[in-house]
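Below, each chain spelled out in residue letters.
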Amino acid sequence: MAFRHLISRGHGRRWGFPWAPSRKRPLYRSIGGHARRQDDAGDRVRGQKGRNGYRRNPQAPIGNEVKRDCCEPFCFRPLSFLPPRLSRGGPTPSSRGTARFGDQPALPAPVYPPPRSSLLMARKRRPLSPDEKQRLDALLDAVMDTTVHHYGAEPRSAVRYDKREEMYGGSGTTYLLQMFEDGELVNNRIGAYMVLPTRGDSAGFHTHGDRNEQELYVVMRGEGTYLEKDHAEAEARSVPIEEGTITTVRGNALHAVRNTGPEPLIIFVITTFEPGKPHSRDQEQHGPGQS
Ligand SMILES: O=P(O)(O)OC[C@H]1O[C@](O)(CO)[C@@H](O)[C@@H]1O
């Protein structure tokens, strides 16, 4: 056996190399490119033996050990540099050697506006394929200039393209071209072109009240019908809309829109929110066509 193997197998200390690992040090197994210590001296107890001759901590469910002390056999860096999710909660004085998957710290308070990712997931927005994006760009370029001259920035176009199938219980596909990054405009969640490409495409009734939002539509192209109602059971009022029409919704009222013309209906949407108040909601409770 090579000299270095003998050292690493625990003979080093006997031979006068105090830095060499102890013979009692358990073996390592490799996980995701890192060696992870299987067990710990603190877990060794008499009785039933585990894979390495040491019994796992009886309190710890099998497979839920956390990495604690080092990531490589001869590295003794603490693992606290790993984010909590990787270190599964990380070592705490009470959990040393026995920390389990459930031992995560309390979740931080919700942050408003909610991260884009959570909205994306919850509201079933989908990114566009390159092909679809190209078609949508061509459709818009044919009828209008979508350049944004945002103060102090280079002129630009959309920062993100989303699409929603049968949005809020409506029909067809609704496209949203987000023209601003999150937080670029104060108290604003959406500054976007909404495109309902063909006759009959619609976005169903929904409210912004549960997010403390107000919303403004400015019709840029096409024609359609805008509907609003005071609450879910109320009777809807409808108004025809065309280029230049402006609508607003606020409080717990609901609104919906439909393309009724032969051309794409393009609306610029500005969604503002009341500062300091929560404006996210549990998306899963949001049934089709309802608030
Ligand atoms: O479900 P979200 O995140 O509000 O996004 C859909 C948005 O699309 C619109 O219909 C137009 O942007 C808004 O009324 C609505 O808020």
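Note: the structure precedes this text.
Source: prediction; values computed, not measured. (Residues numbered from 1 in each chain as written. Predicted model: local features only at pLDDT ≥ 70, side-chain atom pairs only at ≥ 80, totals over all residues. Heavy atoms only, no water.)

(A) Structural view of the sheet that holds strand 8 (residues 223-229). Spatially, 6-11-8-9 is the arrangement adopted by the 4 strands of the open sheet, whose pairing is antiparallel. On the outer flanks of this sheet lie strand 6 (202-207) and strand 9 (237-242), each paired with one strand and no other. Strand-to-strand twist across the sheet, computed as the mean angle between neighbouring axes with direction ignored, equals 15°. Looking at chain direction, strand 8 and strand 9 are connected through 6 bridges and run antiparallel. In the sheet register, Glu 223 faces strand 9, and the bridge partner there is Glu 242. (Pairing = 2+ DSSP bridges. Helix = DSSP H or I, 4+ residues; strand = E, 2+ residues; numbered from the N terminus. Axes fitted to C-alpha atoms, helices over the stretch in contact; angles between N-to-C directions.)

(B) The packing of aromatic side chains, seen in detail. A full pass over the atoms with the stated rule returns 2 aromatic pairs. Between Tyr 193 and Phe 268 the ring centres are 4.9 Å apart and the planes differ by 70°, which places this aromatic pair in the edge-to-face class. Of this pair, Tyr 193 sits in strand 5 (residues 188-196) while Phe 268 sits in strand 12 (residues 265-273), and the two are 75 residues apart along the sequence. As far as burial versus exposure is concerned, Tyr 193 and Phe 268 are alike and both buried. Plain terms: the ring middles of Tyr 217 and Tyr 226 are 5.8 Å apart, the flat faces sit at 80° to each other, and that makes the pair edge-to-face. Like Tyr 226, Tyr 217 is buried. Over the ring of Tyr 168 we find Arg 164; its NZ or CZ atom is 5.2 Å from the centre of that ring. The lysine or arginine in question, Lys 229, covers the ring of Phe 205, its NZ or CZ lying 4.3 Å from the ring centre. (Phe/Tyr/Trp six-rings, centres within 6.5 Å; stacked < 30°, edge-to-face > 60°. Buried < 20%, exposed > 50% of the residue type's maximum accessible area, 1.4 Å probe, protein only. Lys NZ or Arg CZ within 6 Å of the ring centre and 35° of its normal.)

(C) Up close: the pattern of salt bridges. As enumerated under the stated definition, the model contains 11 salt bridges in all. Taking the shortest distance from any N to any O, the salt bridge between Arg 135 and Asp 131 comes out at 3.6 Å. Separated by 4 residues within a single helix, Arg 135 and Asp 131 lie in helix 3 (residues 130-143), roughly one turn from each other. Looking at Arg 135, the relative accessible area reads 52%, which means it is exposed. For Asp 131, a relative accessible area of 47% gives the class partly exposed. The salt bridge involving Arg 221 is made with Glu 243; its shortest N-O contact spans 3.5 Å. Here Arg 221, found in strand 7 (residues 213-221), pairs with Glu 243, found in the loop between strand 9 and strand 10 (246-249); they are 22 residues apart in sequence, far enough to count as distant. When its relative accessible area of 27% is taken as the criterion, Arg 221 is described as partly exposed. Residue Glu 243 is classed as exposed on the basis of its relative accessible area, which comes to 52%. (Salt bridge = Lys/Arg side-chain N within 4 Å of Asp/Glu carboxyl O.)

(D) Here's a closer look at the sheet that holds strand 12. Reading across from one edge, 3-4-5-12-7-10 is the order of the 6 strands in this open sheet, with antiparallel pairing throughout. Two strands in the sheet have a free side with no partner beyond their single neighbour: strand 3 (160-165) and strand 10. In this sheet, neighbouring strand axes are inclined to one another by 25° on average, regardless of whether the strands run parallel or antiparallel. Of the pairings in the sheet, the one linking strand 3 to strand 4 (residues 173-178) comprises 6 bridges and is antiparallel in character. Paired with Asp 162 across the two strands is Leu 176, which belongs to strand 4.

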